[in-house]
Structure formats: C-alpha cells, structure tokens
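Spelled out from the first residue to the last, the chains are:
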Amino acid sequence: MWLLSVSPRADIMVKPFVPQLVYIEPRALEYPLGVKLQNKFKDMGVEIRETTSHNQVRNLPGDNDFQKYRTAKSTLVVGVRKTLKFDTSKPSAEYAIPFATGCMGHCHYCYLQTTMGSKPYIRTYVNTDEIFEAAEQYMQERAPEETRFEASCTSDIVGIDHLTHTLKHAIEYFGRSKHGQLRFVTKFAHVDHLLDADHQGRTRFRFSINDDYVIKYFEPGTSRLKDRIEAAVKVAEAGYPLGFIVAPIYLHEGWQSGYPEMLEHLEAALPAHAKKNLTFELIQHRFTKPAKRVIQKNYPMTKLELDENKRKYKWGRYGIGKYVYQNEEQEEIKDVIGSTIYKMFPQARIEYFT
Ligand code: SF4
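Residues numbered from 1 in each chain as written. Predicted model: local features only at pLDDT ≥ 70, side-chain atom pairs only at ≥ 80, totals over all residues. Heavy atoms only, no water.

Going by the annotation in an unreviewed UniProt entry, the name recorded for the chain is Spore photoproduct lyase, with Terribacillus halophilus given as the source organism. You can read under Subunit (unreviewed entry) in the UniProt record for the chain the words "Monomer or homodimer." Quoted verbatim from the Function (unreviewed entry) field of UniProt, the annotation for the chain is "Involved in repair of UV radiation-induced DNA damage during spore germination. Can repair thymine dimer 5-thyminyl-5,6-dihydrothymine (known as spore photoproduct (SP)) by in situ monomerization of SP to two thymines." (UniProt positions renumbered as here; feature names shortened; annotations may be inferred.)

Rendered as structure tokens:
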C-alpha cells in the first residue's frame, strides 16, 4: 500500500487552475480564442480588466511584494505574442514554441522566478495560427530532418490548457505535420481533455516527477505524485509516447531510498506497452546567486538548501554561473537513479543527465 508510505498531504488533489483575476489586451479580442476566453471568464464570474500590453500589467492587488507575487501567480493575462522568433531549447528539442509564459505552481526552486523577474503573472497567447506558421518555417528550414519543439520552456502549459485548449490544437497540428514533433512536461494531472487529441505519435508527453520529500516541501500548488502517475497511465493508454523528467534531483536525507521508491510506484502503475518506448531525463538541482536571492524573498521559510560552499561552481552563459552538486555526488546520483531506471525499465532510454 504505497499510499501509506507517502506524506500526509499526498492525498490532497490539486484542483484545475481557475484565475482569480484576468487581464485582456484589446488586440487579443481580434482573435477567436481571445473572444472565447473573454466569454468563458465572464461566465465563470472572474473579474476581467483591460491591459494595454501583456508585458506591462501594473497595479496588481496586494499591499507588498510578497502579496503581489501571490496575486500574480493566480492572474491570467490574455495577449498576443509579438516575437515569433523561437529560442533554441537544448538539450531536449531544437526550438522552444511560445504558447504561454508563467505558471500557477509554487515550486520553490523554479527557474521562472528569476527569468520572469517582475512579471510572475501567467500569460497565454491567442495568435496561435501565427505561432504555428512560424513553426512551419523552422520545420521547412530543417526538412527532411525532424524538428522538435518544446512547449514548456517558459510555463507549465498543461496547467492552463483545460482553459485554453491551445496545447490540444498544437498536438493535432504537429500530428498532421510531416517533420515536426512536440514535447512538453508537466507537474499537473489535468490531462483528460488531451486524451482524445489526434497526436499521431508525434507528441512526447512528459511528466516531471520527484520523490515524496521534494514534492511535499518544495512543490506546493502542483499535483501530487500519485495523481501525476495516474495521469501518466491515462496518457499511455491514449497511445502517446511517454517520458519522465526527474527534476530537480535534490540530495536530502534519505534520497537514496526516496528516488528508487518513486520509480517503484511508477513501475507498478504503468502498463507494459508504455514501458517499451519510455524516456527519462535527469536534472540535478542547481541555483544561481540571483535565483537564491529571489527564492529567499518569495519563499522565506523554505527548507531548500542553497549553500554555495557545499556545491561545485559551473561557469554559465552571460557570466552567471550556477551551483551544482560536487562530482562525487553527481556520480552517486547517476549510480543510484540511473541503475534503478535500467533495472526497472530495461527498455527505457535515459536521454541525458545534467
Ligand atoms: Fe515552475 Fe514547473 Fe513548478 Fe510551475 S510547475 S512553478 S513551471 S517548476
């Protein structure tokens, strides 16, 4: 009975996201999705305000930065994506495809806290056809090679897709494409509307998973492990290629048993056919100095260990280095988690450890 072995809060089902406040750019109402979302939120009784630009939402309610940050995390901005130049997205894909920015989750370690700076609100873009056209250009440039697009570089797109269905359209768009593949990762279990999408095997549906300790202490506002695994089973039954990102791998007391237990739960739940074409991506916990400052401001009570002296410094882009685990610890991670994966999922592929 693995339910008994998990944290006391593990049975709390996180409900699908409903924004407390919605901002709409006037230009977004020139697109059918913009109008649809406006009507939807009106019907739901959510307060709607206008904003001239999705980049400049000001006057969010709240008496101080701490409250404003929390308000922002439950605010949805409906806008038009102006930049249609895609960023690269190594190592998991060639390009990042921008359907949304921001996330309602409260993971203490989340890199969005630093990349989104003063704009932690969630943005969804309604000019999806223009985004698909841009993707088409990128695919043509590389054809006949396949081009992979990562849809979750700047958000947890599944977390808002029950409202927008943008991801569902993208899955079907890439299902019809000749050379395109879609990938995304989520910590949310609200996947039911995606199960009947005509994916044609061109979308790899990944779940971000972690052991009970990390989910309990550092991932508030996201679906619990058992719910993510249940959702993964549904996704496998729907015939999607499936993957798991174990991230961030965090060395807390008992991690050597926590991660193998997490993999045992997964192994017990997944149907045999899903285990044949599984991928794993392994990402160790890391932080930068600016990230540490933001984390300690937004989550002052966090137990997250952010001691530079215990870590190895790794030079990074733009002169901002990151703190990763020491070499011996990295070897131990590969040994403990990698060998468990190979033992339990002999047909799976570990795509990278970073
Ligand atoms: Fe960040 Fe992902 Fe957590 Fe959202 S679910 S806060 S994107 S780590």
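What follows picks up the thread again.
Whenever I open this one, the site of the ligand confuses me. Can you help?
Neighbouring the ligand are the residues C103, G105, C107, C110, L112, D156, K187 and T222. Within the shell around the ligand, the residues separate by chemical class into four nonpolar, two polar and two charged. (Near = heavy atom within 4 Å. Nonpolar A, V, L, I, M, F, W, Y, C, P; charged D, E, K, R; others polar.)

Please explain the pattern of salt bridges as it appears in this structure.
Oppositely charged side chains can pair when the atoms bearing their charge come close. This model, assessed by the stated rule, comprises 20 salt bridges. Measuring nitrogen to oxygen at the nearest pair gives 2.8 Å for the salt bridge that ties K168 to D196. On the criterion of sequence distance, the pair formed by K168 in helix α7 (residues 166-176) and D196 in the loop between β9 (180-186) and β10 (203-209) is long-range, its members being 28 residues apart. A salt bridge links K234 to D192, with the nearest nitrogen and oxygen atoms 2.8 Å apart. With K234 in helix α9 (residues 225-237) and D192 in the loop between β9 and β10, this residue pair connects regions lying 42 residues apart in the sequence. (Salt bridge = Lys/Arg side-chain N within 4 Å of Asp/Glu carboxyl O. Helix = DSSP H or I, 4+ residues; strand = E, 2+ residues; numbered from the N terminus.)

In this structure, what is going on with the sheet that holds β9? I would like to understand it.
Neighbouring strands of a sheet are bound in pairs by backbone hydrogen bonds; such pairs are parallel or else antiparallel. Pairing is mixed in the open sheet, where eight strands are placed in the order β4-β5-β8-β9-β10-β11-β12-β15. Taken across any chain shown, the strands that pair with only one partner, and hence form the sheet edges, are β4 (88-89) and β15 (349-353). Relative to strand β8 (residues 147-150), strand β5 (residues 93-96) runs parallel, the two being bridged by two bridges. If you follow Y95 over to β8, its bridge partner there is F149. Packing against the sheet, α7 makes contact with β8, β9 and β10, and its axis sits at approximately 150° to β9. Here α9 sits on the sheet in contact with β10 and β11 (242-249), set at roughly 165° to β10. (Pairing = 2+ DSSP bridges. Contact = heavy atoms within 4.5 Å. Axes fitted to C-alpha atoms, helices over the stretch in contact; angles between N-to-C directions.)

Would you mind showing me how to read the packing of aromatic side chains here?
Two numbers describe a pair of aromatic rings. These are the distance of the centres and the angle of the planes. Applying the stated criterion across every chain, the model contains 22 aromatic pairs. With a centroid separation of 5.3 Å and 90° between ring planes, the pair formed by Y173 and F174 is classed as edge-to-face. Grouping residues by exposure puts Y173 and F174 together as buried. Aromatic side chains F184 and F205 sit 4.6 Å apart centroid to centroid with 65° between the ring planes, which places their arrangement in the edge-to-face category. Of this pair, F184 sits in strand β9 while F205 sits in strand β10; the two residues are 21 residues apart in sequence, bridging distant segments of the chain. Grouping aromatic residues by their ring pairs yields a cluster made of F86, Y95, F99, F132, Y138, F149, Y173 and F174. Here the guanidinium or amino end of R70 rests over the ring plane of F66, the centre of that ring lying 3.8 Å away. Here K303 stacks its cationic end above the ring of Y217, 4.6 Å away from the centre of that ring. (Phe/Tyr/Trp six-rings, centres within 6.5 Å; stacked < 30°, edge-to-face > 60°. Buried < 20%, exposed > 50% of the residue type's maximum accessible area, 1.4 Å probe, protein only. Lys NZ or Arg CZ within 6 Å of the ring centre and 35° of its normal.)

Can you help me understand helix α11 (residues 289-298) in this one?
Within an α-helix, residues lying three or four positions from one another point in the same direction, as the helix has 3.6 residues per turn. Of the residues making up α11, those classed as buried are A291, K292, I295 and N298. Along α11, the residues classed as buried sweep out an arc of 140° about the axis, all on the same side. Opposite the buried face of α11, by more than 90 degrees, sit the exposed residues R293 and K297. Contacts from the buried residues of α11 go to α3 (65-72) and α4 (112-115). Between a side-chain oxygen at the N-terminus of α11 and the backbone nitrogen of A291 the separation is 3.1 Å; the capping residue is T288. (Arc of directions from axis to C-beta. Polar contact = N/O pair within 3.5 Å; in protein donor to acceptor, adjacent residues only side chain to side chain.)

Which parts of the structure should I look at to understand the environment of L84?
Tracing the backbone shows L84 in the loop between β3 (75-79) and β4. A residue is classified by how much of its surface remains accessible, and L84, at 29% relative accessible area, is partly exposed. Linking L84 and S257, residues 173 residues apart in sequence, is a C-alpha distance of 45 Å.

So what exactly am I meant to see when it comes to the confidence of the model for the chain here?
Low-confidence regions, as indicated by low pLDDT, have predicted coordinates that should not be scrutinised in detail. Averaged over every residue, the pLDDT of the chain is 94; the share at 70 or more is 97%. Overall fold confidence for the complex sits at a pTM of 0.94, while the interface term, ipTM, reaches 1.00. (pLDDT = per-residue confidence, 0-100.)

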